[in-house]
Amino acid sequence: MRPAHVTSVLEREFSSTREGHHTPVMLWGPPGVGKSQMVTQVGQRHEVPVIDVRLSQMEPSDLRGIPFRSGEHVEWATPALLPDARRHGPEGILFLDEITSAPPSVSAAAYQLILDRRLGEYQVPDGWAIFAAGNRQGDRGVTYVMPAPLANRFAHFEVDTHLDDWVSWAYANGIDERVIAFLRFRPELLFDFDPAHNPMAFPSPRSWEFTHRALQKFGDYPELLLSSLQACVGPAAGIELLAFVENMDNLPDIDAILERQAVPVPREIDLQYAVASALVGRALRARNEGSGPAVYGPILDYAGRFSEREMGVMLVSDLHRAIGQDLFSVPEFAPWAQSVADVMLYDL
């Protein structure tokens, strides 16, 4: 399932705690596809705490608590890490990350917590959702087969990578436009992991975020830049990205495009992706500065000049995902939409 749809599932499951219809959710997927980040983003959007419990680092007693004598009986001290309405708030997310890396004795201790929302006398507050995530056995991580009794306590969703979803996230989070343009140019490199070779560094949504950071830190140190990029996404992808970045010197004048000057569309396909990403980035910055409509129109005009109209459609689709419904109110939108009516392959 694509990330945008998984996020919608998590949003609905969180809201369903208020209605009494919540089902614990298990996210499956290879390393680096953003499973943990999706859960965190749901918590941030609802402004509720996310308690991240790594079962792989626990003993069974860490969940059950410590026994102590109370008169003639033994009671259990509830672990402070578990949700408590007084300390953490009435709503939140209990996130059991790396659950497939937990030894069977620990996962068995979580059975009652996940299905019955309790451990002994402890009760998970009603407003708290329970989500979990883990790698599949073929992903070369430290994993155990999920016991059937535990698996039967979840609704299961497998997380796939999806370039459009990643691009929307990247623009919203200020990822370097050169990285976005490169992945538009080489979409198969968004995620490229071969478990048979078990590489240390490989392309993934997580590691492309690392390359964004590397470009900011080492962009002015050419003797270090290639090594830093390869350290994030591997040797081959690092070399390709560096060559792409170095070709940005041939990028058209973005300011001239926004001033409606007659700037030619590049012939090179990589530069077309690069200019499209640069224009979307400028539109986002203009929107944040309150001058968005002044640049949306020139971008739409330029999008109509691509000889490959699908490229212009991609540019406008990314622009819409970045700025939203405001795009439709720009006078230039209707003529552009009419000009590409026979290739309406975008989702606006």
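Check the entry above for the structure.
Below or above, wherever it landed, is the structure these notes cover. Everything numeric here is computed off the predicted structure, so don't read it as measured data.

## Some details on the overall build of the protein
From N to C terminus, the protein includes 17 helices and 9 strands. Overall, the protein is about 90 × 45 × 35 Å in size when its C-alpha atoms are taken along their principal axes. Here the protein, with 348 residues, has 50% of them falling under the buried criterion. Nonlocal contacts in the protein, meaning residues at least 24 apart in sequence, comprise 70% of its contacts between residues at least 6 apart. Here the protein displays about 16900 Å² of accessible surface, and carbon together with sulfur accounts for 51% of that area. One way to put it: in the protein the 29 positive side-chain charges average out to a point 4 Å from where the 46 negative ones average out.

## Considering the sheet that holds strand β1 (residues 25-28)
Pairing between sheet strands relies on hydrogen bonds along the backbone, with the strands arranged either parallel or antiparallel. Sheet architecture is open: 5 strands sit in the order β2-β5-β8-β1-β9, paired in parallel fashion. Looking at strand neighbours, the two that pair on one side only are β2 (50-54) and β9 (155-158), the edges of this open sheet. Across the sheet, the mean angle separating the axes of adjacent strands is 20° when strand polarity is ignored. Sheet analysis places β1 next to strand β8 (residues 127-134), joined by 4 bridges and oriented parallel. Residue pairing in the sheet places L27 in a bridge with A133 of β8. Here helix α1 (residues 3-15) sits on the sheet in contact with β1, β5 (91-97), β8 and β9, set at roughly 150° to β8. Along the sheet, helix α2 (residues 35-46) contacts β1, β2, β5 and β8; its crossing angle with β5, the most-contacted strand, is approximately 170°.

## Comments concerning helix α16 (residues 309-323)
In this model α16 runs 21 Å from its N-terminal to its C-terminal C-alpha over 15 residues, within 8% of the 21 Å that 1.5 Å per residue would give. Burial analysis of α16 places 12 of its 15 residues in the buried class, the great majority of the element. Buried residues of α16: M311, G312, V313, M314, L315, V316, S317, D318, L319, H320, A322 and I323, and no others. Lining the buried residues of α16 we find α8 (163-172), α9 (177-185), α14 (269-288), α15 (292-303) and α17 (333-339).

## Here's the deal with the packing of aromatic side chains
What the rule picks out here adds up to 11 aromatic pairs. Taking 6.1 Å as the distance between ring centres and 55° as the angle between the ring planes, the aromatic pair formed by F185 and Y273 counts as tilted. With a gap of 88 residues between them, F185 in helix α9 and Y273 in helix α14 connect regions that are remote in the sequence. In this structure an aromatic cluster arises from ring pairing among F182, F185, W208, F244 and Y273.

## Details of the pattern of salt bridges
Taken as a whole and assessed by the stated rule, the structure comprises 20 salt bridges. Note that R54 is salt-bridged to D52, the shortest N-O span being 2.8 Å. Note on R54: relative accessible area 28%, which makes it partly exposed. Residue classification places D52 among the partly exposed residues on the basis of a relative accessible area of 38%.

## Considerations on unusual backbone geometry
As a rule of thumb, non-glycine residues mostly have phi less than zero, and peptide bonds are mostly trans rather than cis. Positive phi is not limited to glycine here, since E47 has a value of about 55°. Its location among the elements puts E47 in the loop between α2 and β2. Note on E47: relative accessible area 75%, which makes it exposed. At R260, a position not held by glycine, the phi torsion is positive, near 65°. By secondary structure assignment, the location of R260 is in the loop between α13 (254-258) and α14. The class for R260 is partly exposed, based on a relative accessible area of 45%.

## Describing the packing of α14 against α15
Following both chains from N to C, one finds α14 and α15 inclined at 160°, their axes separated by 8 Å at the closest point. With respect to each other, α14 and α15 are oriented roughly antiparallel. Here α14 and α15 pass one another in a crossing that is left-handed. Residues V275, L279, A283, A286 and R287 of α14 form the contact with α15, whose own contacting residues are G292, V295, Y296, I299 and Y302. Looking at side-chain class alone, the contact of α14 with α15 contains 8 nonpolar, 1 polar and 1 charged residues.

Cut-offs applied
- Residues numbered from 1 in each chain as written.
- Predicted model: local features only at pLDDT ≥ 70, side-chain atom pairs only at ≥ 80, totals over all residues.
- Heavy atoms only, no water.
- Helix = DSSP H or I, 4+ residues; strand = E, 2+ residues; numbered from the N terminus.
- Buried < 20%, exposed > 50% of the residue type's maximum accessible area, 1.4 Å probe, protein only.
- Contact = heavy atoms within 4.5 Å.
- Areas by Shrake-Rupley, 256 points an atom, 1.4 Å probe, with all protein chains shown as cover.
- Lys, Arg positive; Asp, Glu negative; His and termini not counted.
- Charge placed at Lys NZ, Arg CZ, Asp CG, Glu CD.
- Pairing = 2+ DSSP bridges.
- Axes fitted to C-alpha atoms, helices over the stretch in contact; angles between N-to-C directions.
- Expected span 1.5 Å × (residues − 1).
- Phe/Tyr/Trp six-rings, centres within 6.5 Å; stacked < 30°, edge-to-face > 60°.
- Salt bridge = Lys/Arg side-chain N within 4 Å of Asp/Glu carboxyl O.
- Parallel < 35°, antiparallel > 145°, perpendicular 65-115°, else oblique.
- Left-handed = near helix turned anticlockwise from the far one by under 90°.
- Nonpolar A, V, L, I, M, F, W, Y, C, P; charged D, E, K, R; others polar.

Keep in mind these values describe shape, not function.
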